[in-house]
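Spelled out, the chains give:
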Amino acid sequence: MAHNVDELETMGGSLTDVRAFCRVVELGTLSAAARVLGETKGSISRRLRRLETGLGLSLLARHPRSVTVTGEGQLFYGKAREGLLLLEEGAELARATRSEPRGVLRITAPMDLGQEWLPPIIVDFARQYPQIRVELLLSDQRLDLASHQIDVALRATEGGLPDMGYSARPLTRLTMGWFAAPAYLAEAAPPACPEELHAHALILAGPSNQGCRVRLHQGGVEEQLILWPRLQSLDYASVLRLTLCGGGLGFMPALVAAQALAQGRLQPVLTDWQAPAAELYLITQSGLRAPARVQAFKEFLLAALAD
């Protein structure tokens, strides 16, 4: 059948008209089709005339008590029934995604979290939900969910999110901390106060050839420092790797350091002093209830953060 749905609408037909025609062919009379579809005989007759007029074909030969299918009608019925079955199958699959976690889950996250924190979570999630295929888009740019067909976005910010027209919920506070490898601490005593940071090899994220401004507070006491790193990078993932190699004290989000910390490859230092924290948000497209794959990942992520 060469006509698509839009063409049928333009010609005066509709999917409902096509469905009515198929029922008439299958049941043999307009009256039987009307009973099954919950319409009147006159309504079914108007649907058939509209469809025939739009197609420019005579699909049925009318008799006083029955109808017979013309040759053209038989050809149209074969393709129309096949198309309706495909549409029903597609609708059923779409409905299934609302109740059964399956399909493609597209996630975007900042480079730092996507390289260091997310991978083990995604691997465990994929094992638990084999019907879901995960696509991970790592970017520090704020990709638009609709235009990039993204299901879930993870975004960190210190000042709250602008109104994006999407659904957003806070996941966790992104606390910053100082960390060092045991090899470095075997050679240098950890700092006891912020001023002692100047005596250490520091590994910081920030633009090159600039001192890094760091605010630390302990209760009501606040220290503002301009620190010059010995090793510097634009991203925290590199800060982590340099710190793990024993290059010095690394300043990074605790989530980025979490796995190495749990493995004993890093140790926290200067823990009595805290830096301002950002908020990590989970963002999804607004509208009707989220597909089951999105809801499953959201719950899995919350459980991982709770652990």
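First, a word on what this report is: a plain description of the structure on this page. (Residues numbered from 1 in each chain as written. Predicted model: local features only at pLDDT ≥ 70, side-chain atom pairs only at ≥ 80, totals over all residues. Heavy atoms only, no water.)

## A few points about the overall build of the protein
Thinking step 1. Along the backbone of the protein there are 11 helices and 14 strands.
Thinking step 2. In the protein, which comprises 307 residues, the share counted as buried stands at 41%.
Thinking step 3. Restricting the contact set of the protein to residue pairs at least 6 apart, pairs at least 24 apart contribute 71%.
Thinking step 4. As presented, the protein carries roughly 16,500 Å² of accessible surface, and 51% of it is formed by carbon and sulfur atoms. (Helix = DSSP H or I, 4+ residues; strand = E, 2+ residues; numbered from the N terminus. Buried < 20%, exposed > 50% of the residue type's maximum accessible area, 1.4 Å probe, protein only. Contact = heavy atoms within 4.5 Å. Areas by Shrake-Rupley, 256 points an atom, 1.4 Å probe, with all protein chains shown as cover.)

## Section: the sheet that holds strand 8 (residues 202–205)
Thinking step 1. Taken in spatial order, the 5 strands line up as 11-8-12-7-13 in an open sheet, and their pairing is mixed. Looking at the sheet topology across the chains shown, the edges are occupied by strand 11 (231–233) and strand 13 (267–269). Averaged over all adjacent pairs, the angle separating strand axes in this sheet is 35°, with direction ignored.
Thinking step 2. Pairing of strand 7 (residues 176–180) with strand 13 involves 3 bridges; the strand directions are antiparallel. Residue pairing for strand 13: A180 is matched across the bridge by Q267.
Thinking step 3. In the packing of helix 9 (residues 236–244) onto the sheet, contacts are made with strand 7, strand 8, strand 11 and strand 12 (249–253), and the angle to strand 12 comes to roughly 145°. (Pairing = 2+ DSSP bridges. Axes fitted to C-alpha atoms, helices over the stretch in contact; angles between N-to-C directions.)

## So, helix 3 (residues 30–37)
For an α-helix, the turn length of 3.6 residues means that residues three or four places apart are oriented alike.
Thinking step 1. Of the positions making up helix 3, those classed as buried are L30, A32, A33 and A34.
Thinking step 2. Contacts made by the buried residues of helix 3 are with helix 2 (15–27), helix 4 (41–55) and strand 2 (67–69).
Thinking step 3. With a side-chain oxygen positioned 3.1 Å from the backbone nitrogen of A32, the residue opening helix 3 is T29.
Thinking step 4. Backbone geometry just downstream of helix 3 places G38 in the positive-phi region, at approximately 75°. (Polar contact = N/O pair within 3.5 Å; in protein donor to acceptor, adjacent residues only side chain to side chain.)

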